[in-house]
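Structure at a glance
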Amino acid sequence: MDRTPLISGNWKMNLNHFEAIQLVQKLSYELRNHDYDAVEVSLHPPYTDLRSVQTVIDADRMRFQLGAQNCHSEVSGAFTGEISPAMLAKLDVDYVIVGHSERRALFGENDEIVATKAAAVLAHDMTPIVCVGETLDERESGQEATIVEAQVVGSLKFIEGEKLDGVVIAYEPVWAIGTGVTASAEDAQDMCSHIRSVVGSIRRESIDLIRIQYGGSVNPANAGELMAMPDIDGALVGGAALQADSFARIVNFKDA
Ligand code: 13P
């Protein structure tokens, strides 16, 4: 099954809108047309950078997809400090990360909240990147498959029918995020294959269509090996997405 890999740069809470524009321009300079033929590339700046990045992408007809890092599930209302999916859609955002482990751990998001956000993103014709992943304790006590399965089922529960086919899942083991410790390609593959079969048990038709990214200390040296795995369809990149040259080398992992 041919699934176009999706390489996503999650900038987290880094870069103001001037720095964001610079990074997008440098990145565009580093990449060639054929790079985008092989993979899709999404950039997820902080909210305050979105309009600037969108304008640069549009003006220079760059082939990046615009992404956000989070959103609220409601369209509008008394939710001080929140950003609605309708606002993101209006900015031509294509992909929205939901349920990143930092949001789960630091901002109290559980599967129920993540499921509501994922459905809201789809309702506004954008694609959710639904994050799941176990902690080190959970892996060391052998619970990783059960934990991730519960997160997948719980976070996708409000997605109906064929909408599931287009969803992206990011498997990000918490112990690999920002630590420099990457999951081995075999361990990442095992979990992504497990996630695919869980998706298949929710909707059989989605099994070969849904894309599953790996995230957690992805860098230019390990990207090729990870993405050569049959059930890994791209990467969600944090630290290495903040420099144009390292992110570009991850995007063209096939040339490495
Ligand atoms: P790092 O690539 O910095 O480990 O971050 C991964 C991540 O959390 C992407 O969402």
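Refer to the structure printed above.
So, a few notes on the structure that sits alongside this text. As the structure is a prediction and not an experimental result, all values here were calculated from the model.

What counts, and at which threshold
Residues numbered from 1 in each chain as written. Predicted model: local features only at pLDDT ≥ 70, side-chain atom pairs only at ≥ 80, totals over all residues. Heavy atoms only, no water. Helix = DSSP H or I, 4+ residues; strand = E, 2+ residues; numbered from the N terminus. Salt bridge = Lys/Arg side-chain N within 4 Å of Asp/Glu carboxyl O. Buried < 20%, exposed > 50% of the residue type's maximum accessible area, 1.4 Å probe, protein only. Axes fitted to C-alpha atoms, helices over the stretch in contact; angles between N-to-C directions. Parallel < 35°, antiparallel > 145°, perpendicular 65-115°, else oblique. Contact = heavy atoms within 4.5 Å. Nonpolar A, V, L, I, M, F, W, Y, C, P; charged D, E, K, R; others polar. Expected span 1.5 Å × (residues − 1). Near = heavy atom within 4 Å. Polar contact = N/O pair within 3.5 Å; in protein donor to acceptor, adjacent residues only side chain to side chain. Areas by Shrake-Rupley, 256 points an atom, 1.4 Å probe, with all protein chains shown as cover. Disulfide = S-S within 2.5 Å. Pairing = 2+ DSSP bridges.

**Thoughts on unusual backbone geometry**
- Of note in this structure, Leu15 is not a glycine but carries a positive phi near 75 degrees.
- For Leu15, the position within the fold is in the loop between strand 1 (6–10) and helix 1 (17–30).
- Of note, Ser217 is a non-glycine position whose phi angle comes to about 55 degrees, a positive value.
- Following the sequence through the fold, Ser217 ends up in the loop between strand 7 (211–215) and helix 10 (223–227).

**Observations concerning the pattern of salt bridges**
- Enumeration according to the criterion identifies 15 salt bridges in this entry.
- Note that Arg211 is salt-bridged to Glu40, the shortest N-O span being 2.8 Å. Highlighted residues: Arg211 in strand 7 and Glu40 in strand 2 (residues 40–44), separated in sequence by 171 residues. For the residue pair Arg211 and Glu40, the accessibility class agrees, reading buried in each case.
- Connected through shared salt-bridge partners, Arg3, Arg196, Asp231 and Asp233 make up one network.

**Brief notes about the packing of helix 6 (residues 111–123) against helix 8 (residues 144–155)**
- Running from N to C, helix 6 and helix 8 cross one another at 45 degrees; their axes reach a closest spacing of 8 Å. It follows from the interaxial angle that helix 6 and helix 8 lie oblique. Two secondary-structure elements touch here, helix 6 through Asp111, Val114, Ala115 and Ala118 and helix 8 through Ala150, Gln151, Gly154 and Ser155.
- A breakdown of the residues in the contact of helix 6 with helix 8 according to their chemical character gives four nonpolar, three polar and one charged.

**Observations concerning helix 9 (residues 185–202)**
- Along its 18 residues, helix 9 runs 26 Å from first to last C-alpha, staying within 8% of the 26 Å computed at 1.5 Å per residue.
- Looking only at helix 9, the buried set comprises Ala185, Ala188, Gln189, Met191, Cys192, Ile195, Arg196, Val198, Val199 and Gly200.
- Those residues of helix 9 hidden inside the fold are in contact with strand 5 (127–132), helix 7 (136–140), helix 8, strand 6 (168–171), strand 7 and helix 10.

**Comments concerning the site of the ligand**
- The full set close to the ligand counts 13 residues, and Lys12, His100, Gly178, Ser217 and Gly239 are the nearest of them.
- In this structure, an oxygen atom belonging to the ligand sits 3.0 Å away from a side-chain N or O atom of Glu172.
- Within the contact set of the ligand, an oxygen atom lies 2.8 Å away from a backbone nitrogen or oxygen of Gly239.
- Considering the ligand on its own, with 310 Å² of exposed area, one finds that the protein chains cover 94% of that surface.
- Here the shell around the ligand is composed, by residue class, of four nonpolar, seven polar and two charged.

**As for the state of the cysteines**
- Tallied over the entire structure, the rule returns zero disulfides.
- There is no disulfide at Cys131, and the cysteine sulfur nearest it, in Cys192, is 12 Å away.
- Of the residues examined, Cys131 reaches a relative accessible area of 2% and is grouped as buried.

**A few points about the pairing of strand 2**
- Burial analysis of strand 2 places five of its five residues in the buried class, the great majority of the element.
- Burial along strand 2 is two-sided: Glu40, Ser42 and His44 and Val41 and Leu43, pointing in opposite directions, are all buried.
- With five bridges connecting them, strand 1 and strand 2 associate as parallel partners. Bridge pairing in strand 2 places Ile7 opposite Val41.
- Pairing geometry for strand 2 and strand 3 (residues 65–68), over two bridges, is parallel. Paired with Leu43 across the two strands is Leu66, which belongs to strand 3.

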